[in-house]
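Summary of the model geometry
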Amino acid sequence: MTTGAPPPLRTARPRRSGPLRYLPLGIAAWLVLEIWLLTVVASATSGLTVFLLLVAGLVLGSAVIKRAGRRAFRKLSEAVQQQQSGVTPSAESDKGGGALTMLGGLLLILPGLISDALGLLLLLPPLQKALGRYAERTFERKVREATPGGLGDAFQQARMHRPDGKVVQGEVIRDDEPPMPRPDGPQLPR
């Protein structure tokens, strides 16, 4: 039976970019390296030392995440109170310090010595500021490259290029003023 509707077009799966293509391989290599390093340290010292290092990372990471979460909640509540009282909230640019602190805590919680070292590095304020500036510049560059008019245009273009069936593409013409009489003939009633 034919419905008259055209068959749905098969869209090709979008290709992954270079770094995303190798992400699973990178994660697997990182896990193998973490396990190898743990066994090397365990054979050099003892299993109890490795266990204590892992527990210390878990406890320290939990404390870091808890502290960063409390600080973020406090800043949010202060901003809401300032906004409700009519005062414009102060624009303290944290440059992603809170997010990087939480990421450092998460890396400390993950079992492994390499992740612990990376987590401790992310807790250093100079490194947080440098990474925050880098991330901000990268994000702004990507937004500028994606759309010539800004972030609002990016969402508009995404909707126009991928209509979901609920949005009808078209142009709105407003007819606020009555039409002007034509000088070339009689006017027809509206």
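Preceding block: the structure.
Here goes a summary of the coordinates provided. Here the residue numbers are simple positions, counted from 1 along each chain's written sequence. Where totals are concerned, whole chains, interfaces and linings use all residues; where local detail is concerned, this predicted model gives features only for residues with pLDDT of at least 70, and gives and counts side-chain atom pairs only at 80 or more. Just so you know, side-chain values use all the structure's heavy atoms and leave hydrogens and water out.

A tally of helices and strands in the protein chain yields seven helices and zero strands. The contacts in the protein chain between residues at least 6 apart in sequence include a share of 51% that link residues at least 24 apart. For every accessible area listed, the method is Shrake-Rupley and the probe measures 1.4 Å; residues are considered covered only by the protein chains on display. Total accessible area on the protein chain is roughly 16,000 Å²; 65% of this is exposed by carbon and sulfur atoms. The numbering of helices and of strands both runs from the N terminus, where a helix is a DSSP run of H or I of at least 4 residues and a strand a run of E of at least 2. Only heavy atoms matter for contacts: two residues are in contact if any of them lie within 4.5 Å across the pair.

All right, on to the packing of helix α4 (residues 97-109) against helix α5 (residues 113-122) then. Their axes nearest at 7 Å, the elements α4 and α5 cross at an angle of 160°. What the angle tells us is that α4 and α5 run roughly antiparallel. α5 is crossed by α4, and the crossing has left-handed handedness. In this structure, α4 contributes Leu 100, Leu 103, Gly 104, Leu 107 and Leu 108 to the contact, and α5 contributes Ser 115, Asp 116, Leu 118, Gly 119, Leu 120 and Leu 122. Only the stretch in contact is used when a helix axis is fitted, and all axes are lines through C-alpha atoms; the angle between N-to-C directions ranges over 0 to 180 degrees. Note that the term roughly parallel is reserved for angles under 35 degrees, roughly antiparallel for angles over 145, roughly perpendicular for angles of 65 to 115, and oblique for everything else. Handedness of each helix crossing follows the sense of rotation of the near helix against the far helix: counterclockwise by less than a right angle gives left-handed, clockwise gives right-handed.

Quick look at the packing of α4 against helix α6 (residues 125-146) now. Closest axis-to-axis distance for the α4/α6 pair is 9 Å, and the angle between their directions is 120°. Here α4 runs over α6; the crossing is right-handed. Contact with α4, carried on its side by Gly 97, Leu 100 and Thr 101, involves Gln 128, Leu 131 and Gly 132 of α6 and no other residues of that element. Partitioning the contact of α4 with α6 into residue classes produces two nonpolar, four polar and no charged. Ten residue types, Ala, Val, Leu, Ile, Met, Phe, Trp, Tyr, Cys and Pro, are classed as nonpolar, four, Asp, Glu, Lys and Arg, as charged, and the remainder, Gly among them, as polar.

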